[in-house]
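Topology and contacts: notes
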Amino acid sequence: MILQAKNQLTLQEFLNLSPGEGDITYELVDGQAIPKMSPKKFHSKLTRALLNLIEQCCEGQGEVCPELAVALTRRGRDWMPIPDILYISNERLPPDWDQEGACSLPPDLVIEIISPGQTFGQMAAKAKDYLDAKVLRVWVVDSKARSITVFYPDAAPQTYMGEELLKDSLFEGLEFTVEQVFQKAKIPLDTE
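Throughout what follows, the structure given in this document is the object of discussion. These figures come from a predicted structure and were not determined experimentally.

**Overview of the nonpolar core**
- Counting residues in hydrophobic clusters, the biggest one holds 29 residues, and the most contacted among them are Leu-50, Ile-54, Trp-139 and Ile-148.
- Sorting the residues of this core by element identifies α2 (41-57), β6 (85-89), β7 (109-113), β8 (137-142), β9 (147-151) and α4 (178-184) as the ones contributing at least two each.
- Considering every element that reaches this core, the biggest residue donor is α2, with seven residues.
- Counting 21 residues, the second-largest nonpolar core is a separate cluster that includes Trp-79, Val-135, Val-138 and Phe-151.

Here it is, written out as structure tokens:
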């Protein structure tokens, strides 16, 4: 269900909307309030595992937040996605950041986990939109393929699987394998 408006919603109009019924969270995309897919078990477990991993590596260096809206621009229009996880370093974090509001500037890292009904192609397009909006890095996690694809603003994406060591220059000392993430999340090899 899309919250239709006669006119395209501005960011302020979107922020002033009444909350949706139940557990529905909306993102602002192309002037419309679009419902965000509700996370399922594997999605939630992967979110927790990745959140813990980033928090341990970056303790005291920035903010790591699950499901926090971020105010960006996409194709010249207001865009308010809600990434599964975002990280913003203290260097980029504005001193007057409203802790109760949306993130008001592009984060260093956005992590999106592919949910049932979504495709890698859709997430790759969203990753490009994030990078165009000045997000420094986007990780797309695919639980079916047991992979993490890292999207860079200035290089081709790189996909990590199994025991390949994932390192990212944004995070000094961060090293892990994708399989370690899936094991930490207690996701079995056969998730069909």
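So that's the structure; there's more coming.
**Digging into the packing of aromatic side chains**
- For the coordinates displayed, the defined rule picks out five aromatic pairs.
- For the ring pair Trp-139 and Phe-176, a centre distance of 5.8 Å and an interplane angle of 50° mean the geometry is tilted. Taken together, the positions of Trp-139 in strand β8 and Phe-176 in strand β12 (residues 175-177) put the pair 37 residues apart, joining distant regions of the chain.
- Residue Phe-176 is classed as buried on the basis of its relative accessible area, which comes to 1%.
- An aromatic cluster of at least three residues, connected via ring pairs, comprises Tyr-87, Trp-139, Phe-171 and Phe-176.
- A cation over a ring is seen here: Arg-74 above Trp-79, with NZ or CZ 6.0 Å from the ring centre.

**Here we look at the side chain of Thr-149**
- Looking at where Thr-149 falls in the secondary structure, it is placed in strand β9.
- Reaching out from Thr-149, the side chain makes a polar contact with the side chain of Thr-159 at a distance of 2.8 Å.

**Observations regarding the pairing of β8**
- Counted residue by residue, β8 has six buried out of six residues, so it is predominantly covered.
- Judged by which residues are buried, β8 turns out to be covered on both faces: Arg-137, Trp-139 and Val-141 on one side and Val-138, Val-140 and Asp-142 on the other are all buried.
- Relative to β8, β7 runs parallel, the two being bridged by five bridges. Note that in β8 the partner of Val-110 across the bridge is Val-138.
- Assessed by its sense of winding, the connection that carries the chain from β7 through helix α3 (residues 120-132) to β8 is right-handed.
- Where β8 lies against β9, five bridges are found, and the strand directions are antiparallel. Counterpart to Asp-142 in the pairing with β9 is Ser-147.

**Let's talk about the sheet that holds β7**
- As summarised here, the arrangement of the six strands in space is β3-β6-β7-β8-β9-β10, forming an open sheet in which the pairing is mixed. The open sheet terminates on both sides in strands that have one partner only, identified here as β3 (62-66) and β10 (158-161). The mean angle between the axes of side-by-side strands here comes to 15°, regardless of whether they run parallel or antiparallel.
- In this fold α3 packs onto β7, β8 and β9, with an angle of close to 170° to the strand it touches most, β8.

**Re the pattern of salt bridges**
- With the rule as written, the count across this model stands at seven salt bridges.
- The shortest N-O distance in the salt bridge between Asp-129 and Arg-75 comes to 3.6 Å. Taken together, the residues span a long stretch of sequence, with Asp-129 in helix α3 and Arg-75 in the loop between β4 (72-74) and β5 (77-79) at a distance of 54 residues.
- Between Arg-146 and Glu-179 there is a salt bridge, with its nearest N and O atoms 2.7 Å apart. Of this pair, Arg-146 sits in the loop between β8 and β9 while Glu-179 sits in helix α4, and the two are 33 residues apart along the sequence.
- On the accessibility criterion, Arg-146 (9% relative accessible area) is buried.

Quick notes on the rules
Residues numbered from 1 in each chain as written. Predicted model: local features only at pLDDT ≥ 70, side-chain atom pairs only at ≥ 80, totals over all residues. Heavy atoms only, no water. Core = buried A, V, L, I, M, F, W, Y, C linked by side-chain atoms within 4.5 Å. Buried < 20%, exposed > 50% of the residue type's maximum accessible area, 1.4 Å probe, protein only. Helix = DSSP H or I, 4+ residues; strand = E, 2+ residues; numbered from the N terminus. Phe/Tyr/Trp six-rings, centres within 6.5 Å; stacked < 30°, edge-to-face > 60°. Lys NZ or Arg CZ within 6 Å of the ring centre and 35° of its normal. Polar contact = N/O pair within 3.5 Å; in protein donor to acceptor, adjacent residues only side chain to side chain. Pairing = 2+ DSSP bridges. Right-handed = clockwise from strand over helix to strand, strands pointing away. Axes fitted to C-alpha atoms, helices over the stretch in contact; angles between N-to-C directions. Contact = heavy atoms within 4.5 Å. Salt bridge = Lys/Arg side-chain N within 4 Å of Asp/Glu carboxyl O.

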